[in-house]
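Residue-level listing of the chains:
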Amino acid sequence: MDEPRKHQVSLRGASAKEISRDALLEKVSQEREQRNYARKAASAAIFIQRVWRSYSVTRKVAMKFQEEWESLVKNQDEFMTGKFISSSVVRPFIFFITCLSMRHRKILARELKCMHTCFKILLESIASTDSRKNICSLIVGTTEERRTSMYQAQKLISLCSFILSECDTSRAGSQDIVILASLALHLVVILTDLKSWKIVSDDSTTDAYAAVKSLVCFMGNSRSGLYISLRRYIWKLDVSFSPKVKSIVQTDDEFLITASSITLAIRPLSMIAFNVTSPSQFDMHSAAEQYCLYLLTIPWLTQRLPAVLLPALKHKSTLSPCLQILLISRDNIVRKMSDIDQSSMDCSLKVIPPVGWALSNIISLFAGSENDFLDSGALKQDQEYVSYIHVVTILADNLLAWLHNAGWNEKGNQNLEGSDGDYELPVSMQENGTAYGSLKTSFLELFRPVCQQWHLKKLLEISKRYAHTDEANIIPPNNLECLGNLELLDIAYFYSYMLRIFAAFNPMIGPLPVLNMLSFNPGFLGNVWGVLESSIFHGDIHTFGDTYHGTSKVSGKKKEVDFDKKLKQANKDGVNKWVNILHKFTGKSRTEVDFADSTDDYQVDEDSFDVWDLEPLRHGPQGISKDMSCLLHLFCSTYSHLLLVLDDIEFYEKQVPFTLEQQRRIASVLNTLVYNGLSSSVDQQNGSLMSSAIRCLHLMYERDCRHQFCPPGLWLSPAKRSRPPIAVAARTHEVLSANMKPEDALAVHSMGSVVTCMPHVFPFEERVQMFREFINMDKVSRKMAGEVAGPGSRSVEIVIRRGHIVEDGFQQLNSLGSRLKSSIHVSFVSECGLPEAGLDYGGLSKEFLTDISKAAFAPEYGLFSQTSTSDGLLIPNAAAKYLENGIQMIEFLGRVVGKALYEGILLDYSFSHVFVQKLLGRYSFLDELSTLDLELYRNLMYVKHYEGDVTELCLDFTVTEESFGKCHVIELKPGGKDVCVTNENKMQYVHAMADYKLNRQILPFSNAFYRGLTDLISPSWLKLFNASEFNQLLSGGDHDIDVDDLRNNTRYTGGYSEGSRTIKLFWEVMKDFEPKERCMLLKFVTSCSRAPLLGFKYLQPSFTIHKVVYHYQKAS
């Protein structure tokens, strides 16, 4: 084979190496791109030269025209006709002013002087009664004259709008521009007002009116630039951020500019009242749209303007077109609002979007004062209120959506890191939180009318009037732009959104002003519940109009009777379901079952679960309509607020605002809704509903725990079909409790959150078993962490003197904290100082815990006292803070109780309901005072319902405490000793006194006890129970001892067995004992007279019978 040649010859004659195909194509492509680029560059250069040449030539021509124009005007002393003014004055003026000023958005001194001169000439011409001199005569002249004059008039309107945008009255040396703007706006006002035309005759009235109408339509169009210029001008006016806004003071020229600009802004809107035909119809809608976009979105619009101008903005002819266009084109306008340029806005104001300012300004204008809002007139004018409600609802919905996208929550916080939007709080506002808070407070001041009773009463009055008028039509509520009437649902949407807005912008007090107004409006809450009750219990869940206005009374009554019969049957029947559950855990027979918390009226059976598990709510908030969700949110928020001040006399005796039967239905609705909502995924839209429903449900349940009005089956019914195994629920609850922040309670929805938020759907026995499961898991985790390595390791060895058990225990154990979870080995020293014989296999440590609690909780010791009620429950002694180490001792007792709960050891003591509420992290309210001091509660109720003059009782805002023979006067509020209780402040006195007794007085002690208790018991474990259940968990059940259960869980040692004759005799005697004797025997053996809640299987240590063999030697 021939050797390869070292050099290849190119067929193209080149001596270089052969190029590859891909490289060749790449090279050709690059060369092509370079040629295209060169062509484009040359074309662009030619275009730039052409534009620059055009601009240069035009500018030179404009400057030449300006010189000729100035010379003409200066030397023109003869009579100037309208035609001369149009052709020789206005025409060149418009050309060179447009080229030299408007295009550059800048007014120089020379152009300013020219404008001033031209406007004076035009004003003199229009004011002339001589048709030859008046330029307006051309507008009604020949066709060519009309066309030219209208074009010039439109250009003059645009020029005057431009001048207005450049006017800044706050800038130094702006007097010339202020005078010019005054002249310019005066000219436009005269041009668009037919009455100002001096030459209009009867023959030319129609043409003159058409011309004025055309100019007004142009002024309302975006091409004129009027509204955006007016926005820039008003933006520069002063505004006070104080809630008490002072009247704006302006000079004569400034006021004339402001008044003229407002006149021009509302003039196109007033034309909408006429029957304008196309194409002007479009221009009129454009004017209303421009007004909404550029004026109503100005922050604090009403505060920037003089008070004398506000009636014009509040007039029907101004507001009605705006409300109509917002209803017709709401999506388009809201989208345009979000696109408004805010680059020139103060960065602090950007935290509130334009739609928020539009909302606040509409409320401020429509309902700024009681007189403005209540001046409605006949029924036909009620349409304006309907439009007002719907527009506010639309804007509020969009504002809340913006807040959500910006990372706000409805507690007023911004979590920008987790936000889906790109919004960032301005740096200046991050540095000045006070200014930020002041901004939000000032913003909410514009919403003050919605917090007034007259606002709600007027809306309810109109709604009622529509309900009894033939004009009322049944129209789907969601079609807001089509509604011709006002229903309760519309009002509910309005106030539901207001609650959420107040909560977002005022996190300190939240929606309290709105809730105060709604809660104490007679009948409003009842009307809302009437709609809900009819829809959930009697009719279709999605139907509101028919049910509310009573279209099927017979059917409704029949269903109500059937429901009541089923409910009564449920209350009368046996206890099958509950007993089966209890028997499963305790092994007791049905005939032996007794419920400590139940009454004869409320027994639970299988049917009662179905009665209270409401089918329409079984899918949670996701399964109900938006209308139902809105009504429920408003009802739950309002009623939970009312429940805080509703005393037991009103709730149970007077039964206001609802009967007890209605209260049970409310409880069942909340219970079913919350359970199914927590069991499924809830989106952000339903977050407010779930939060308010959970709060209202907790208040209802706590009141039922204190004074029962609901059957037990009601609370258990939702979880009947889907309750998970105890271990699964416990582990899920622990995961949520460990990883979820309190404010994220609705972030994760599962059975674990059900345990966290509403554990009452689990029977008490299951919750006790769940509690023991938590402790077992904790012990396992401690063992895995090495804290429990084996028997006897890491145990605590203590020596206790019998006569100083509290002091020795405090000294040796108080500093251990959570290490007290380890086992305790106790060695007792007798009163003679000798060690007691015996080994601690659990019995001595249990004896120690029971003995130390018996000594420390005794009223004689001074740390705790008994309530004045018949129960004699334990409550911290107010004088304990004066004892040496008093607070530390109470904290130590919290650890003792925690140790007993942790080890499953029962203590024969019960705490006051109020004290336990503090341990469970719950606030106590007025009626709970009856469980603490019944006499004081009755006295406060006497003051609350006193019909005479309360000053006769000679009360002041103080309370007297006695400790160790000394009296201490404590003021319920600053300066309380100098404030007498009157009819005006008696409610404040009643709640202040109750708050002191229930919360402030015992707070230091409950906090100390809580710190000790939670060293061993997690707070989330405690929240499984209410106050009475906590006492049962601590001290066991009140029912008789189940001998069979005790026998099945007894250990025999030392040679005894279950078949031993002695053992058989023991159990026969045990069965023959009276219940009291059996309790005494149990107390002798275990130090507690009560059986464990889940049976003797959980007794620690186990009940043991040991055979002792006694050896003796016969004496010789």
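The rules behind the values
- All residue numbers here refer to positions counted from 1 along the written sequence of the relevant chain.
- Given that this is a predicted model, residues contribute local features only at a pLDDT of at least 70 and side-chain atom pairs are listed and counted only at 80 or more, while totals for whole chains, interfaces and linings are drawn from all residues.
- Only hydrogens and water are set aside when side-chain values are computed; all heavy atoms of the structure are taken into account.
- Categorising residues by exposure relies on relative accessible area from a 1.4 Å probe, with only protein chains included: less than 20% of the type maximum marks a residue as buried, more than 50% marks it as exposed, and the intermediate range marks it as partly exposed.
- A run of H or I in DSSP becomes a helix once it reaches four residues, and a run of E becomes a strand once it reaches two; helices and strands are each numbered from the N terminus.
- Only strands joined by at least two bridges in the DSSP assignment are considered to pair.
- Within the patch definition used here, like charges are joined within 9 Å and nonpolar side chains (Val, Leu, Ile, Met, Phe, Trp, Tyr) within 5 Å, considering only residues with over 30% relative accessible area and no salt bridge.
- Accessible surface is estimated by sampling points in the Shrake-Rupley manner with a 1.4 Å probe; for residues, cover comes only from the protein chains shown.
- Any carboxyl oxygen of Asp or Glu within 4 Å of a side-chain nitrogen of Lys or Arg constitutes a salt bridge here.
- Orientation is described by axes fitted as lines to C-alpha atoms, over the contacting stretch for helices, and by angles from 0 to 180 degrees between their N-to-C directions.
- For any pair of crossing helices, the crossing counts as left-handed if the nearer helix is rotated counterclockwise from the farther one by less than a right angle, and right-handed if it is rotated clockwise.
- We call two residues in contact whenever any of their non-hydrogen atoms come within 4.5 Å of each other.
- Three classes are used: nonpolar for Ala, Val, Leu, Ile, Met, Phe, Trp, Tyr, Cys and Pro, charged for Asp, Glu, Lys and Arg, and polar for all others, with Gly counted as polar.

Chemist: Sorry if this is basic, but what is going on with the pairing of strand E7 (residues 1050–1053) here?
Modeler: Side-chain direction in a regular strand flips from residue to residue, so the side chains alternate between the two faces of the sheet. Only one face of E7 is buried: it carries Thr1050 and Tyr1052, and the other face, with Arg1051 and Thr1053, is open. Of the strand pairs in this sheet, E7 and strand E8 (residues 1103–1106) are connected by four bridges, and their pairing is parallel. Across the sheet, residue tyrosine 1052 finds its bridge partner in E8, namely isoleucine 1105.

Chemist: In this structure, what is going on with unusual backbone geometry? I would like to understand it.
Modeler: Look at the link from valine 656 to proline 657: it is a cis peptide, with omega at 0 degrees. Tracing the chain through its elements places proline 657 in the loop between helix H29 (648–653) and helix H30 (660–678). The phi dihedral of tryptophan 300 falls on the positive side, at around 55 degrees, and the residue is not glycine. Examined against the element boundaries, tryptophan 300 turns out to sit in the loop between helix H10 (280–294) and helix H11 (301–304). For tryptophan 300, a relative accessible area of 2% corresponds to the buried category.

Chemist: What is the right way to read a nonpolar patch on the surface from this model?
Modeler: A contiguous nonpolar patch, built from Val57, Val61, Phe65 and Phe95 and spanning about 290 Å² of accessible area, is present on the exposed surface. A total of three residues in the nonpolar patch trace back to one element, the largest contributor, which is helix H1 (residues 21–75). Within the fold, valine 61 resides in helix H1.

Chemist: Would you mind going over the packing of helix H5 (residues 143–166) against helix H7 (residues 205–220) with me for this structure?
Modeler: When two helices pack together, their arrangement is captured by the angle between the axes and the distance separating the axes. For the pair H5 and H7, the least separation of the axes is 10 Å and the interaxial angle reads 35 degrees. In terms of crossing hand, the pair formed by H5 and H7 is right-handed. Between H5 and H7, the contacting residues are Arg146, Met150, Ala153, Gln154, Ile157 and Ser158 on the first element and Asp207, Ala211, Ser214, Leu215, Phe218 and Met219 on the second. Considering only residue class, the contact of H5 with H7 consists of seven nonpolar, three polar and two charged.

Chemist: Even after reading the chapter, I still don't get the pattern of salt bridges, so can you show me in this structure?
Modeler: When their charged atoms lie close together, side chains carrying opposite charge are able to pair. Going through the model one piece at a time under the given rule, you end up with 31 salt bridges. Arginine 110 serves as the salt-bridge partner of glutamate 70, at 3.1 Å between the closest nitrogen and oxygen. Note that glutamate 70 is positioned in helix H1 and arginine 110 in helix H3 (residues 109–127), a separation of 40 residues in sequence. You can call glutamate 70 partly exposed: its relative accessible area is 24%. Here arginine 703 and aspartate 927 are joined by a salt bridge, their closest N and O atoms 3.6 Å apart. One end of the pair, arginine 703, is in helix H31 (residues 687–706); the other, aspartate 927, is in the loop between helix H39 (913–919) and helix H40 (934–944), and 224 residues separate them in sequence. Each member of the pair arginine 703 and aspartate 927 is classed as buried. Connected through salt bridges with shared partners, the residues Glu533, Glu661, Arg664 and Arg665 form a single ionic network.

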